[in-house]
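Here is how the chains run, residue by residue.
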Amino acid sequence: MRAFAHLSASELRLLSRDPATLFFMVAFPAMLLLLNGSNDHLEVFVPGYLAMVLAIGGISTLPGVMAGYRERKVLRRLATTPVSPFVLLTAQIAAQLAMALAGAAILVGVAVIGFGVAPPAHPAALALAFLLCALMCYAIGFVLAALAPRARTADMMGLLVMFPMIFLAGAAIPREGVPGELREIGAYLPLTQGVTALRESWLGQPTPMPFLLVSAIIVLGTAIAVALFRWE
């Protein structure tokens, strides 16, 4: 447990020292909210921006970090110590989640305090949706890390997967603003289910289906990552 806490703190420090990660996970979604501040329905943007925070960390940042550790033989060296590579993986998840919570707290604070957006209608459901959406993004990120031979390749793959997904899934802009054919494509993307769960929890009565679909994606993504991931 002590090794996990130490590694989690170290991973969080490394993430916070990366200007791009710090900006896009913590500041960028709140800035987008400020840019849309004149919109009369600002509450529909907040759940999508929460999903964006998670996608940036889990799908864009995490694959490069893990592929970089494998490329630099960090995972192989850890395997010879009492600290297993699995502990490093879980510590990376904990660090990503802590950074995402910081970004989410700033975003929600700007929305509720700065613009008077109504608080979430179902806070407990929103917290569960946030956690499940985070785990789903991390599962996707680990699959990309497993497929990428090098850190640079993983970074590129993460960006190529993340950017279309956040725009088509309703994270960057509400899905109502996406053209019809693209909206139909977006309906089949994993992040769409996460955005739906977050949005229903914030705005109204949450339904079980998005939560079940996100959970299924977590299980499937984790299974694929475990089957494909190489420690060296």
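Residues numbered from 1 in each chain as written. Predicted model: local features only at pLDDT ≥ 70, side-chain atom pairs only at ≥ 80, totals over all residues. Heavy atoms only, no water.

J.: Talk me through the overall build of the protein chain; I want residue IDs and the actual numbers.
T.: From N to C terminus, the protein chain includes 10 helices and 0 strands. Ordering the α and β elements of the protein chain from the N terminus gives α-α-α-α-α-α-α-α-α-α. When the 232 residues of the protein chain are sorted by exposure, 47% land in the buried category. Taken as a whole, the protein chain presents about 11,100 Å² of accessible surface, with 71% of it coming from carbon and sulfur. Separation between the mean location of the 14 positive side-chain charges and that of the 11 negative ones in the protein chain comes to 16 Å. (Helix = DSSP H or I, 4+ residues; strand = E, 2+ residues; numbered from the N terminus. Buried < 20%, exposed > 50% of the residue type's maximum accessible area, 1.4 Å probe, protein only. Areas by Shrake-Rupley, 256 points an atom, 1.4 Å probe, with all protein chains shown as cover. Lys, Arg positive; Asp, Glu negative; His and termini not counted. Charge placed at Lys NZ, Arg CZ, Asp CG, Glu CD.)

J.: Hey, could you go over the packing of helix H6 (residues 123-147) against helix H9 (residues 190-203) for me, with residue numbers and the actual values?
T.: The N-to-C vectors of H6 and H9 enclose an angle of 170 degrees; their axes lie 8 Å apart at closest approach. Classed by the angle they form, the pair H6 and H9 counts as roughly antiparallel. For the pair H6 and H9, the sense of crossing is left-handed. Facing H6, whose interface residues are Ala125, Leu126, Ala129, Phe130, Cys133, Met136, Cys137 and Ile140, H9 presents Pro190, Leu191, Gly194, Ala197, Leu198, Ser201 and Trp202. (Axes fitted to C-alpha atoms, helices over the stretch in contact; angles between N-to-C directions. Parallel < 35°, antiparallel > 145°, perpendicular 65-115°, else oblique. Left-handed = near helix turned anticlockwise from the far one by under 90°. Contact = heavy atoms within 4.5 Å.)

J.: Can you tell me about a nonpolar patch on the surface, naming the residues and giving the values?
T.: Taken together, the side chains of Leu147, Leu220, Ile224 and Leu228 make up a nonpolar region of the molecular surface, amounting to roughly 350 Å² of accessible area. Top element by residues in the nonpolar patch is helix H10 (residues 208-228). It accounts for 3 residues. Inspection of the secondary structure puts Ile224 in helix H10. (Patch = residues over 30% accessible without salt bridge, like charges linked within 9 Å, V, L, I, M, F, W, Y side chains within 5 Å. Salt bridge = Lys/Arg side-chain N within 4 Å of Asp/Glu carboxyl O.)

J.: How would you explain the pattern of salt bridges if you had to name every residue and give the values?
T.: Following the criterion strictly, the structure yields 1 salt bridge and no others. One salt bridge in this structure joins Arg199 and Glu176, with 2.7 Å as the shortest N-O distance. Separated by 23 residues along the polypeptide, Arg199 in helix H9 and Glu176 in the loop between helix H7 (151-168) and helix H8 (180-186) bring together distant segments of the chain. By relative accessible area, Arg199 is classed as partly exposed at 23%. For Glu176, a relative accessible area of 52% corresponds to the exposed category.

J.: Lay out the packing of aromatic side chains in plain terms, naming residues and giving numbers.
T.: In this structure the tally under the stated criterion is 4 aromatic pairs. Aromatic side chains Phe24 and Phe28 sit 5.3 Å apart centroid to centroid with 65 degrees between the ring planes, which places their arrangement in the edge-to-face category. One end of the pair is Phe24 and the other is Phe28, both in helix H2 (residues 19-35) and 4 residues apart, which spans about a single turn. You can call Phe24 partly exposed: its relative accessible area is 35%. The class of Phe28 is partly exposed, set by a relative accessible area of 25%. Aromatic ring contacts, followed pair by pair, group Phe23, Phe24 and Phe28 into a single cluster. Between Arg70 and the ring centre of Phe229, over which it is positioned, the NZ or CZ distance is 5.4 Å. (Phe/Tyr/Trp six-rings, centres within 6.5 Å; stacked < 30°, edge-to-face > 60°. Lys NZ or Arg CZ within 6 Å of the ring centre and 35° of its normal.)

J.: Before we move on, could you go through the side chain of Gln193 and cite the residues and values that matter?
T.: Topologically, Gln193 is positioned in helix H9. With a relative accessible area of 15%, Gln193 lands in the buried category. Sequence-distant contacts of Gln193, that is, excluding residues within four places in its chain, are made with Ala187, Pro210, Leu213 and Val214.

J.: Which residues make up unusual backbone geometry, and what are the values?
T.: Non-glycine residue Lys73 carries a positive phi angle of around 70 degrees. Tracing the backbone through its elements, the reader meets Lys73 in the loop between helix H3 (45-71) and helix H4 (74-78). Among the residues examined, Lys73 registers a relative accessible area of 34% and is labelled partly exposed.

J.: Tell me about H3, and name the residues and values.
T.: Along its 27 residues, H3 runs 38 Å from first to last C-alpha, staying within 8% of the 39 Å computed at 1.5 Å per residue. Its axis deflected by about 40 degrees at Leu62, H3 carries its strongest bend there, up to four residues before the proline Pro63. Here H3 lies mainly inside the structure; 25 of its 27 residues are buried. One or two residues past the end of H3 sits Lys73, with phi positive at roughly 70 degrees. (Expected span 1.5 Å × (residues − 1). Bend = angle between axes of the 7 residues up to and from the residue.)

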